[in-house]
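Listed here are the chains, written in short residue letters.
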Amino acid sequence: MTTFQSGVSRKFKYVSAKELINHDCLFNLKPSTAAPAIACSPTRWATPYASGGGGPVFLGGVGEAGKVEPTEAPRRCLGGHRAPAHAVAFSPFHDALLATAGDDCRVRLYDVAAVEDAAAADLEGGEIGSHGSGCRALAFHPSAEHVLLSAAGKELGVWDVEARASLAKTTLPAAVHAIDWARGGGGFLASCRDKAARFVDARTGTTAWSCEPHGGARAFRSVWAGGARLGGDYVLSAGGARRGGREVALLDPRKYDEPLHRALVDSQTGDLLPFWDEDSSVLWLGGKGDAMIKHFEVDVSGATSDETLHAGVPWSSASPAGPAAAICMLPKQCCDVAELEVAAFLRLTTSTVERVTFSVSRTAELKTFFNDDLFPETRARVGGLDAAAWSSGEDAAPVLEGRNSRNAPLLSERRVAAPVLHTAVVNDRLATEKQLKENDDAAMDRLSQLADMYANHNVNRSMGAKPGVDALAVDGGEVDSDEWDDSD
């Protein structure tokens, strides 16, 4: 008996997608078109809304479907901002904790757990702090509870949302349009409008390093790529290529002068939205104005770009609502392990919020096992430390948890019966083959004997002359050599 081996080196090249569109999703929405954005937790999602004064934020449920009536939408919107909201973010540890920010320079916090009992419009959020200009990006800390990062122009701030206090502030040389925490949480990546990606110490505000990952003029976004499967910490950036089109670049934060590898994505011009899946080492790419979602399997041991950044088969939406205005990735807890779902997203269009799930295709027999080659330990929704401990200088890697909630047998321990050839079976087969060959040879010999007997007993029918029928030989007077006598 041997253990099961997949035998497939690129498990995620071919993934099947399932999208919930039309009446299987929430439709008849009017999300903000000025700066479309969407954020989600395992149970809820939020997006800035266009209907109503100030900066309303619409709140929906994951898996919710149906039509939103125009009179219903205002009751489902969070209020509090005096100008359009541009950024939303859910806490990775509390499903109902939502942070919002907008052009009124304010960063606000809502506990939306009571939405089921009361209208969202009746919730009173609290103000965490403010910036000197409109806030465009928010990101919660990956392992410290209640630590929030915000970006407004060139200014960045770190907040303790529970105490509603500022932990750190810094200013960069250029405006920031995207941020992403490092895996350990000691610093963050800032994608700036001067085409530079900067890694900033979150506590001191100093820039550890900076580089230009792309040569194109369009905005780019960099994400921190790590995880046990990748084998180290790297940076992946998606933006415009120098000669046109869009590309992905892989950078080593220890050698940040030049990207290690680049891969061309396509020839489009829209902004790319990268999402790093550390469980499978896959970079998912959506785009504003795109109907497609693409992905790359990353293997840092490859010697060339093609061996390092393996492009998977892209997926295109069939939704009549059109291309995506924004995309967010659902937590891993929303994926159905039994159906081998490896990633799930919410697509925000001009009128709908649609769910898309990607799964690996395997046989029904293999689905009865826990496919541990696809589902390693993932980030748990539990913080590793609190805001005070982080502020004092402590760092902690994200807390991990297993995915085998069904307690199914592991696929890696599945016993596969190896083919065994018993001696008796082999001997019988060889004897049968030998007997068949002997029978064939004996039959050929018998046919040869019969042919000889027929020829001997049937001379006239075996090339012999027939009297009275065949012509006799005529002597033409020729003399053979043995008849010649020189003595005469």
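Peer 1: I'd like to hear about the pattern of salt bridges, residue by residue, with values.
Peer 2: Within the structure shown, the criterion is met by 24 salt bridges. A salt bridge links R379 to E278; its shortest N-O distance comes to 2.8 Å. A residue pair is termed long-range when its members are at least 10 positions apart, and R379 in strand β33 (residues 378-379) and E278 in the loop between β25 (272-277) and β26 (282-287) qualify at 101 residues. Using a relative accessible area of 28% as the deciding quantity, one classes R379 as partly exposed. If you follow the salt bridges from partner to partner, you end up with R246, D266, D290 and K294 in one network.

Peer 1: Which residues make up the packing of aromatic side chains, and what are the values?
Peer 2: All told, the structure shown has 13 aromatic pairs when counted by the stated rule. Here the aromatic rings of Y49 and F58 are separated by 5.1 Å at their centres, their planes lie at 25°, and the arrangement is stacked. Under the relative-accessibility criterion, Y49 is labelled buried at 8%. Here the aromatic rings of W181 and F188 are separated by 6.0 Å at their centres, their planes lie at 70°, and the arrangement is edge-to-face. Taken together, the aromatic side chains of F275, W284, W315, F345 and F358 make up a single cluster linked through ring pairs. Its guanidinium or amino end placed over the ring of W390, R203 lies 4.6 Å from that ring's centre, counting from NZ or CZ. A cation over a ring is seen here: R254 above Y234, with NZ or CZ 5.5 Å from the ring centre.

Peer 1: Run through the layout of surface pockets, naming residues and quoting values.
Peer 2: Each pocket or cavity is described by its volume, and for the second largest pocket that value is around 200 Å³. Lining the second largest pocket are S9, R10, K11, F12, R229, L230, S280, S281, E297, V298, D299 and V300. Of the residues in the lining of the second largest pocket, the class split is four nonpolar, three polar and five charged.

Peer 1: If you had to explain the sheet that holds strand β13 (residues 137-140) to someone new, which residues and values would you point to?
Peer 2: Read across the sheet, four strands follow the order β13-β14-β15-β16 without closing on themselves; strand pairing throughout is antiparallel. Edge positions in the open sheet fall to β13 and β16 (165-171), since each of these has one partner strand only. The mean angle between the axes of side-by-side strands here comes to 20°, regardless of whether they run parallel or antiparallel. Pairing analysis gives six bridges linking strand β14 (residues 147-152) to strand β15 (residues 155-160), with the strands arranged antiparallel. Residue pairing across strands places L148 opposite W159, the latter belonging to β15.

Peer 1: Account for the sheet that holds strand β18 (residues 187-192), naming residues and giving values.
Peer 2: On the basis of which strands lie adjacent, the open sheet formed by four strands has the order β17-β18-β19-β20 and antiparallel pairing. The sheet is open, and its two borders are formed by β17 (176-181) and β20 (207-211), each paired with just one other strand. For this sheet the average axis-to-axis angle between neighbouring strands, irrespective of direction, equals 20°. Pairing geometry for strand β19 (residues 197-201) and β20, over four bridges, is antiparallel. Looking at the pairing, V200 lines up with T207 of β20.

Peer 1: Tell me what's going on with empty space enclosed by the protein, and back it up with residues and numbers.
Peer 2: Tallying each qualifying case throughout the model produces one cavity of 30 Å³ or more. Size it by volume and the largest cavity reaches roughly 40 Å³. Only β15, β16 and β19 provide two or more residues apiece to the lining of the largest cavity. Residue composition of the lining of the largest cavity, grouped by class: seven nonpolar, three polar and two charged.

Peer 1: Explain unusual backbone geometry to me, using residue names and the numbers behind them.
Peer 2: Leave glycine aside and you will find that most residues have negative phi; peptide bonds, for their part, are mostly trans. Unlike most non-glycine residues, C105 shows phi in positive territory, near 70°. Tracing the chain through its elements places C105 in the loop between β10 (97-102) and β11 (106-111). You can call C105 buried: its relative accessible area is 15%. Backbone geometry at R164 places phi at a positive 55°, although glycine is not the residue there. Turning to its location among the elements, R164 is positioned in the loop between β15 and β16.

Scoring rules and cut-offs
- Residues numbered from 1 in each chain as written.
- Predicted model: local features only at pLDDT ≥ 70, side-chain atom pairs only at ≥ 80, totals over all residues.
- Heavy atoms only, no water.
- Salt bridge = Lys/Arg side-chain N within 4 Å of Asp/Glu carboxyl O.
- Helix = DSSP H or I, 4+ residues; strand = E, 2+ residues; numbered from the N terminus.
- Buried < 20%, exposed > 50% of the residue type's maximum accessible area, 1.4 Å probe, protein only.
- Phe/Tyr/Trp six-rings, centres within 6.5 Å; stacked < 30°, edge-to-face > 60°.
- Lys NZ or Arg CZ within 6 Å of the ring centre and 35° of its normal.
- 1 Å grid on protein atoms, 1.4 Å probe; cavity = no way out; pocket = protein on both sides within 12 Å on 5 of 7 lines; lining within 4 Å.
- Points joined across faces, edges and corners; volume = space filled by probe spheres on them.
- Nonpolar A, V, L, I, M, F, W, Y, C, P; charged D, E, K, R; others polar.
- Pairing = 2+ DSSP bridges.
- Axes fitted to C-alpha atoms, helices over the stretch in contact; angles between N-to-C directions.

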